[in-house]
Amino acid sequence: MNPGPQTAEQATVAPDGVGSSRARRGAGPVGLVLGGCVSVQFGAAVAVTLMPRAGALGVVTIRLVAAAVVLLLVCRPKVRGYTRADWGTVLVFGATMAAMNGLFYQAVARIPLGPAVTLEVLGPLALSVLASRRAVNALWAGLALGGVFLLGGAGGFGGLDPVGAAFAVGAGVMWATYIVFSSRTGRRFPQADGLALAMAVGAVLSLPFGFAESGSKLLVPTTLALGAAVAVLSSVLPYTLELLALRRMPAPTFAVLMSLEPAIAGTAGFLILHQALSWTDALAIALVVAASMGAVRTQVGSAARGE
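A few points on the structure.

Conventions we followed
Residues numbered from 1 in each chain as written. Predicted model: local features only at pLDDT ≥ 70, side-chain atom pairs only at ≥ 80, totals over all residues. Heavy atoms only, no water. Helix = DSSP H or I, 4+ residues; strand = E, 2+ residues; numbered from the N terminus. Buried < 20%, exposed > 50% of the residue type's maximum accessible area, 1.4 Å probe, protein only. Contact = heavy atoms within 4.5 Å. Axes fitted to C-alpha atoms, helices over the stretch in contact; angles between N-to-C directions. Parallel < 35°, antiparallel > 145°, perpendicular 65-115°, else oblique. Left-handed = near helix turned anticlockwise from the far one by under 90°. Nonpolar A, V, L, I, M, F, W, Y, C, P; charged D, E, K, R; others polar. Phe/Tyr/Trp six-rings, centres within 6.5 Å; stacked < 30°, edge-to-face > 60°. Lys NZ or Arg CZ within 6 Å of the ring centre and 35° of its normal. Salt bridge = Lys/Arg side-chain N within 4 Å of Asp/Glu carboxyl O. Core = buried A, V, L, I, M, F, W, Y, C linked by side-chain atoms within 4.5 Å. Patch = residues over 30% accessible without salt bridge, like charges linked within 9 Å, V, L, I, M, F, W, Y side chains within 5 Å. Areas by Shrake-Rupley, 256 points an atom, 1.4 Å probe, with all protein chains shown as cover. Expected span 1.5 Å × (residues − 1). Bend = angle between axes of the 7 residues up to and from the residue.

Before going further, it helps to examine the overall build of the protein. Along the backbone of the protein there are 13 helices and zero strands. Seen in sequence order, the protein has helices and strands lined up from the N terminus as α-α-α-α-α-α-α-α-α-α-α-α-α. The buried share of the protein, reckoned over its 307 residues, is 49%. Within the protein, residue pairs in contact and separated by at least 24 positions form 90% of the contacts whose partners lie at least 6 positions apart.

Have a look at this one:
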């Protein structure tokens with residue numbers, strides 16, 4: 001198990017050098033998570049520009065296949081010496097990645113990137129709230145629902161494609177599942193071996209859907225090159241950083257650090273896709289981010305008190 005988070009008071013009374021050392025160790029996984037957030041959202045923005053060439057499922061296929069090839073070549077994971085439970089974890093992790101990416105790309109093909117990620121992040125938020133089981137989480141859940149209400153245009157999603165919104169919520173469910181199985185995979189496999197194997201599983205599962213939608217369009221050199229860039233930004237780099245971070249922090253803490261993704265996604269959508277957010281959309285995203293950050297503070301406080 002990961003050690004519990006350290007409070008500011010504990011750092012203050014620690015011997016000289018100990019507090020700063022622990023602070024650096026704590027900042028390490030946080031930096032990994034935030035770096036992954038920036039990479040994956042700007043990668044998603046690039047992926048949206050690629051969709052007219054290859055379609056949403058085609059982009060998912062190129063991304064997962066390219067990421068699997070890179071990770072397998074770099075990691076060269078061993079396939080012997082693992083239990084049936086280890087392989088079961090990898091298979092579920094890979095299937096979850098394929099489903100999460102497929103649903104999310106179907107969402108951003110229909111609705112702007114910022115709102116899509118805002119709906120998607122409800123999955124990790126729900127994971128953190130359920131893991132904490134404290135009454136104050138009703139407040140965070142209420143803030144998040146208020147954000148969804150605003151984002152949907154008085155609750156009816158009049159300003160968003162309802163199918164796209166449904167895909168984003170489905171991606172959020174898969175995201176919460178991804179967090180759980182990424183953590184389990186990191187504990188069962190050394191380095192990024194489990195991630196490489198799971199990515200290969202996800203790539204194989206995505207192939208029939210990608211070729212059914214796009215066919216030979218997936219083999220155009222320019223499309224392949226852009227898809228490879230998306231794979232590095234959205235899969236190889238962030239998933240590796242997240243897996244390493246999950247070895248050193250609890251899954252609920254990780255889940256709420258990811259709450260910054262809607263704001264990062266809105267920025268990426270504006271800078272790359274020129275998707276301007278209305279004041280209502282910006283307020284909705286801020287409410288969801290605040291809810292997620294509040295939930296993680298509750299979770300961290302509970303862990304510090306041994307609850």
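This part takes up the packing of helix H4 (residues 84–108) against helix H10 (residues 221–246). For the pair H4 and H10, the least separation of the axes is 14 Å and the interaxial angle reads 135°. Here H4 is positioned oblique relative to H10, judged by the angle of their axes. For the element pair H4 and H10, the recorded crossing hand is right-handed. Mapping the contact onto sequence places Met97, Met100, Asn101 and Tyr105 in H4 and Val230, Ser234 and Tyr239 in H10. When the residues that make up the contact of H4 with H10 are grouped by side-chain class, the tally is five nonpolar, two polar and no charged.

Turning to its location among the elements, Ser182 is positioned in helix H8 (residues 162–188). Accessibility expressed as a relative area gives 1% for Ser182, which makes it buried. Among residues more than four places away in sequence, those in contact with Ser182 are Phe93, Leu243 and Leu246.

Attention now goes to unusual backbone geometry. Positive phi is not limited to glycine here, since Arg76 has a value of about 45°. Within the secondary structure, Arg76 is located in the loop between helix H3 (56–75) and H4.

Right, let's talk about the environment of Val117 for a bit. The residue Val117 is located in helix H5 (residues 113–120) in this model. Taking the C-alpha atoms as reference points, Val117 and Gly266, separated by 149 residues in sequence, lie 8.4 Å from one another. When sequence neighbours within four positions are dropped, the list of residues in contact with Val117 reads Gln41, Phe104, Glu261, Pro262 and Ala265.

Our next topic: the packing of aromatic side chains. Taken as a whole and assessed by the stated rule, the structure comprises five aromatic pairs. Judged by centre distance (6.4 Å) and plane angle (70°), the rings of Trp87 and Phe189 are edge-to-face. On the criterion of sequence distance, the pair formed by Trp87 in helix H4 and Phe189 in the loop between H8 and helix H9 (193–214) is long-range, its members being 102 residues apart. Looking at Trp87, the relative accessible area reads 28%, which means it is partly exposed. Between Phe104 and Tyr105, the aromatic rings sit 6.0 Å apart at their centres with planes inclined by 55°, giving tilted as the arrangement. Tyr105 carries the same exposure label as Phe104, and that label is buried. Ring pairing ties together the aromatic residues Tyr82, Trp87 and Phe189, which thus form one cluster. Residue placement shows Arg184 over the ring face of Phe181; its charged tip is 4.9 Å from the ring centre.

On to the pattern of salt bridges. All told, the structure shown has one salt bridge when counted by the stated rule. Arg188 serves as the salt-bridge partner of Asp86, at 2.6 Å between the closest nitrogen and oxygen. Highlighted residues: Asp86 in helix H4 and Arg188 in helix H8, separated in sequence by 102 residues. Its relative accessible area of 8% is what places Asp86 among the buried residues. Looking at Arg188, the relative accessible area reads 38%, which means it is partly exposed.

To continue, consider the nonpolar core. Phe104, Tyr105, Leu113, Leu195 and Met199 are the most contacted members of the largest nonpolar core, which totals 71 residues. A per-element tally of this core places helix H2 (residues 18–54) first, with 10 residues. Residue contacts for Leu113: discarding those within four places in its chain leaves Gln41, Ala44, Ala45, Phe104, Val108, Ala265, Ala268, Gly269 and Gln275.

The next point concerns a nonpolar patch on the surface. Taken together, the side chains of Val69, Val70, Leu73 and Val74 present a nonpolar region at the surface, about 370 Å² in accessible area. On the secondary structure map, Leu73 appears in helix H3.

So, about H10. Over its 26 residues, H10 runs 36 Å from end to end, which matches the ideal 38 Å to within 8%, given 1.5 Å per residue. Bending of H10 peaks at approximately 40° at the position of Val232.

Residue placement: Ala68 occurs in helix H3. The buried category is assigned to Ala68, whose relative accessible area is 4%. Expressed as a C-alpha distance, the spacing of Ala68 and Leu197, which sit 129 residues apart in the sequence, is 7.7 Å.

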